[in-house]
Amino acid sequence: MNFDLVKDLVSYGRKLEKEYNKKFRFTITTNGVLLDDDKMEFINENMENVVLSLDGRKSVNDNMRKTVSENGSYDIILPKIKKMVELRKDKDYYVRGTFTNKNLDFGKDAIHFLEEGFKKISIEPVVTPESEDYALREEHLEDILREYENFSKEYIKLKSKDPDFMFFHFMIDLEQGPCIIKRSVGCGAGSEYIAVTPEGDLYPCHQFVGEEDFLLGNLESGIRNVELQEDFKKANVFTKEDCKNCWARFYCSGGCHANAYYSNNDIKRPFKLGCEMEKKRIECAISILANLNEEEVEDEE
């Protein structure tokens, strides 16, 4: 909505690169509504990664994302993000969907994205207070886990036919992956990155914006709330009681701090629903990898 600011930030970053011998990696997330040729060209030239947000199938997207005229936005967005992906060629991008309790069959949304020509896909669980009518609750967990299981079986078939197809939550590296420090604290909120509001206020991440207790400082004064910063640094799988004996701890890395806070009022108490979903995704990812590796061995024989 303020694309001139995006350009200014990139220009400023490039200037700092030369002064400090650094390399900045820019990424941008867009719902695609305001994309035009000029913006696409700039994004393609300057962004290392582009996240293109589309909730899912037309019925799913239009139920959640309406324009000011109360019409659905799917038909506006789809052709624009298709063009953006075409421009990317071999550069990184993801088409990011969202599932709520209104589309617990989210595997169909992932397959729909593939059918529309998108190869790099993510379908994320909605993060919202339970009071919202579309929120994910404990009562939906069984259906969610079943959908991950069912989609993982379909994914094996699709991946066998098209190796370029990637579903973010089914990607796993069992041989290398990040170092133990990174595995112990996957979320860098408050320590590795911060969110800056239009007013110049600093927060651990965008999901904490507006929460007075999580205000770190502002652009003029810098970080003032050093104690809060230390709290985030110390939030890891070794300090979270629920994580200490969990088999998945070095793959989920303790989960999202914001989810933990909004569900338990404590960044060191993981979001239980999120934990169960993550463990299921890891199980599916391991199964997929094993099946695909077995197919490769059979082909070689």
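The following refers to the structure shown. (Residues numbered from 1 in each chain as written. Predicted model: local features only at pLDDT ≥ 70, side-chain atom pairs only at ≥ 80, totals over all residues. Heavy atoms only, no water.)

Overview of the overall build of the protein chain
Reasoning step 1: Check the secondary structure of the protein chain and you find 11 helices and nine strands.
Reasoning step 2: Overall size of the protein chain, expressed as C-alpha extent along the three principal axes, is 60 × 50 × 45 Å.
Reasoning step 3: The buried share among the 301 residues of the protein chain stands at 43%.
Reasoning step 4: Within the protein chain, counting contacts between residues at least 6 apart in sequence, those at least 24 apart form 60% of the total. (Helix = DSSP H or I, 4+ residues; strand = E, 2+ residues; numbered from the N terminus. Buried < 20%, exposed > 50% of the residue type's maximum accessible area, 1.4 Å probe, protein only. Contact = heavy atoms within 4.5 Å.)

Quick word on the sheet that holds strand β4 (residues 120–125)
Reasoning step 1: The strand order β1-β2-β3-β4-β5 describes an open sheet built from five strands, whose pairing is parallel. Strands with a single pairing partner mark the edges of an open sheet, and in this sheet they are β1 (27–30) and β5 (166–167). (Pairing = 2+ DSSP bridges.)

With respect to the sheet that holds strand β6 (residues 195–196)
Reasoning step 1: A sheet is described by the order of its strands in space; here four strands give the open sequence β6-β7-β8-β9, paired in antiparallel fashion. The sheet is open, and its two borders are formed by β6 and β9 (222–223), each paired with just one other strand.
Reasoning step 2: Bridging between strand β8 (residues 217–218) and β9 involves two bridges; their strand directions are antiparallel. From the neighbouring strand, N218 faces β9, where its bridge partner is G222.

Observations concerning the packing of aromatic side chains
Reasoning step 1: In this structure the tally under the stated criterion is 23 aromatic pairs.
Reasoning step 2: Measuring from centroid to centroid gives 6.4 Å for F113 and F118, while their planes differ by 80°, and the two rings are edge-to-face.
Reasoning step 3: Overall, the relative accessible area of 0% leaves F113 in the buried class.
Reasoning step 4: Their ring planes at 70° and their centres at 6.1 Å tell us that F214 and F232 sit as a pair that is edge-to-face. Here F214, found in the loop between β7 (201–203) and β8, pairs with F232, found in helix α8 (residues 226–233); they are 18 residues apart in sequence, far enough to count as distant. As far as the burial class goes, F214 and F232 line up, both buried.
Reasoning step 5: The rings of F99, F106, Y148, F151, Y155, F165, F167 and F170 are connected pair by pair, giving a single aromatic cluster.
Reasoning step 6: Positioned over the ring face of F42 is K7, at 5.9 Å from the centre of the ring.
Reasoning step 7: For the cation-ring pair, R183 lies above Y251, with the distance from its terminal atom to the ring centre recorded as 4.9 Å. (Phe/Tyr/Trp six-rings, centres within 6.5 Å; stacked < 30°, edge-to-face > 60°. Lys NZ or Arg CZ within 6 Å of the ring centre and 35° of its normal.)

Here's the deal with helix α4 (residues 74–88)
Reasoning step 1: With 15 residues, α4 extends 21 Å from end C-alpha to end C-alpha; this agrees with the ideal 21 Å at 1.5 Å per step.
Reasoning step 2: Along α4, the residues classified as buried are Y74, I77, L78, I81, M84, V85 and R88. Taken around the axis of α4, the buried residues stretch over an arc of 135°, which confines them to a single face. Of the exposed residues in α4, those oriented more than 90 degrees away from the buried face are D75 and E86.
Reasoning step 3: Along its buried surface, α4 packs onto α2 (37–46), β2 (49–53), α3 (58–64), β3 (92–99) and α5 (107–115).
Reasoning step 4: Note on α4: the residue one or two positions beyond its end, K89, has a positive phi of about 55°. (Expected span 1.5 Å × (residues − 1). Arc of directions from axis to C-beta.)

Points about a nonpolar patch on the surface
Reasoning step 1: A contiguous nonpolar patch, built from I194, V196, L219, I223 and V226 and spanning about 410 Å² of accessible area, is present on the exposed surface.
Reasoning step 2: What makes V226 partly exposed here is its relative accessible area of 42%. (Patch = residues over 30% accessible without salt bridge, like charges linked within 9 Å, V, L, I, M, F, W, Y side chains within 5 Å. Areas by Shrake-Rupley, 256 points an atom, 1.4 Å probe, with all protein chains shown as cover. Salt bridge = Lys/Arg side-chain N within 4 Å of Asp/Glu carboxyl O.)

Points about helix α1 (residues 3–20)
Because each turn of an α-helix spans 3.6 residues, side chains separated by three or four positions in sequence point in the same direction.
Reasoning step 1: Helix length check: α1, at 18 residues, gives a terminal C-alpha distance of 26 Å against a target of 26 Å (1.5 Å per residue), a fit within 8%.
Reasoning step 2: For α1, the elements touching its buried residues are β1 and α2.
Reasoning step 3: Once α1 finishes, N21 follows within two positions and takes phi at roughly 55°, a positive value.

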